[in-house]
Amino acid sequence: MTIDEKTGKTLAQLGLTDSTGIASLFAEVRAAAEAEAEAFGRGDVDEAEVVWQAKILRDRWLARGRGLIARIDQNWLRQTPKESRGVVGAEFNRLRQYATAQFEIDPLLAAHRQKTLARYEKRRGPDLTLPGNRRELGSIHPVTRVQRELEDIFIGLGFHIETGPEIESVYNNFDALNIHESHPSRDDWDTLYISSDVLLRTHTSPVQIRAMRKYGAPLYIITPGKCYRNENPDATHSAMFSQIEGLAVDADINFADLKGTLDFFAKKFFGEKTRTRFQPSFFPFTEPSGEMAASCPFCGGQGCRTCKDSGWIELMGCGMVHPDVLRNGGIDPERYSGWAFGLGIERFAMLKYDIGEIQNFFQSDVRFLRQF
Ligand SMILES: [Zn+2]
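First, a word on scope: everything that follows refers to the structure included in this document. (Residues numbered from 1 in each chain as written. Predicted model: local features only at pLDDT ≥ 70, side-chain atom pairs only at ≥ 80, totals over all residues. Heavy atoms only, no water.)

## Considering the overall build of the protein chain
When helices and strands are counted, the protein chain shows 13 helices and ten strands. Relative to the compact-globule value of 21 Å for 372 residues, the protein chain shows a C-alpha radius of gyration of 41 Å, a clear excess of over 25%. Projected onto its principal axes, the C-alpha coordinates of the protein chain cover approximately 115 × 50 × 45 Å. Sequence separation of at least 24 residues holds for 67% of the intrachain contacts in the protein chain that already meet a minimum separation of 6. Positive and negative side-chain charges of the protein chain, numbering 46 and 51 respectively, have mean locations separated by a distance of 11 Å. (Helix = DSSP H or I, 4+ residues; strand = E, 2+ residues; numbered from the N terminus. Rg over C-alpha atoms; globule rule 2.2 N^0.38 Å. Contact = heavy atoms within 4.5 Å. Lys, Arg positive; Asp, Glu negative; His and termini not counted. Charge placed at Lys NZ, Arg CZ, Asp CG, Glu CD.)

Have a look at this one:
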């Protein structure tokens with residue numbers, strides 16, 4: 001029996017009195033409605049044909065008196081005894097709502113336009129005149145940017161870039177650099193140990209040892225890379241940070257060459273007017289050792305917040321390589337001398353871009369990174 005035939009009979013005549021049977025009968029009608037909505041306007045039909053088909057479909061479902069919805073109302077709902085009309089009424093209302101939304105002329109024509117458009121696009125491919133999905137470009141991280149800038153200055157002076165592992169032996173990180181186990185300064189580095197003789201390097205200095213053994217003298221290298229210390233994060237400290245160290249080993253080089261090189265470097269990086277200052281200091285791996293400061297790039301040496309009113313900014317440690325360190329690198333300190341320096345790249349990036357918090361570099365906040 002078709003649904004057209006079924007809607008001509010009462011539910012009693014169809015032998016349906018229980019709610020399960022009634023629900024499945026309405027489900028059958030709903031499925032038929034969905035199939036007819038889906039089939040509507042299929043194939044290559046012209047506009048007039050579509051409108052004509054839409055009217056037929058609307059009348060079939062929604063016409064007064066003889067439409068399917070009207071017949072269901074008359075034959076099923078009204079012929080059901082009042083006391084059991086609830087189930088049929090609820091099913092009928094749902095069906096009528098669906099049919100009204102689907103089978104009025106305007107929704108039918110709108111649905112047809114949608115289908116035609118989809119078919120059309122499928123046939124001719126995407127519309128290339130529409131604006132595309134533009135992916136945002138990233139930018140160079142400020143630490144990387146400053147690292148490259150620092151590297152370029154020293155490459156221009158004839159230095160080569162040398163890198164090494166971030167997981168190092170205790171020997172390369174400490175002993176070979178004259179920081180023996182009993183040496184009190186080993187406590188200055190709050191070290192992250194992996195085992196008793198392996199650690200995360202606390203500075204890039206072990207690369208100096210590796211390079212001396214690998215290449216011998218003369219040697220002019222810079223060693224950019226990440227270092228690790230067990231630091232609590234604050235405005236100027238991070239457990240991970242980046243350094244560049246420089247090492248020059250040659251016959252007849254002395255502290256004057258070191259001063260000249262670093263003075264040139266500071267003028268290149270901070271500007272020609274920059275003045276530099278060297279003060280004695282102590283490091284186990286250099287003798288003599290020094291701290292190098294530059295006139296404050298923000299106030300020109302007048303004193304400001306950044307330089308804490310001193311007019312000077314500490315930039316790096318430096319000194320003449322200790323003869324024992326040269327020896328540990330396989331170089332004869334009687335024939336060669338060397339000098340070295342080491343600086344923190346984040347610190348230079350903070351100075352260059354006037355950034356107050358080192359943590360900004362590692363939080364991956366695009367609002368911060370987008371500025372570079
Ligand atoms: Zn200043």
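From this point, the narrative continues.
## Some remarks on the environment of Asn172
Among the secondary structure elements, Asn172 is positioned in helix α8 (residues 170-173). Overall, the relative accessible area of 7% leaves Asn172 in the buried class. The spatial distance from the C-alpha of Asn172 to the C-alpha of Ile209 is 6.8 Å, given a sequence separation of 37 residues. Other than its neighbours up to four places away in sequence, Asn172 contacts Leu177, Pro206, Ile209, Arg210 and Arg213. Of the polar contacts made by the side chain of Asn172, one reaches the side chain of Glu168; its length is 3.2 Å. (Buried < 20%, exposed > 50% of the residue type's maximum accessible area, 1.4 Å probe, protein only. Polar contact = N/O pair within 3.5 Å; in protein donor to acceptor, adjacent residues only side chain to side chain.)

## Side note on the coordination of the zinc ion
All of the protein donors around the zinc ion are Cys296 (SG), Cys299 (SG), Cys304 (SG) and Cys307 (SG); their distances to the metal are 2.2 to 2.3 Å. When the donor residues of the zinc ion are listed from N- to C-terminus, their spacing reads C-x2-C-x4-C-x2-C. Taken as a pair, Cys296 and Cys304 share a single burial class, namely buried. (Donors = N, O, S within 2.8 Å, 3.2 Å for Na, K, Ca; no water.)

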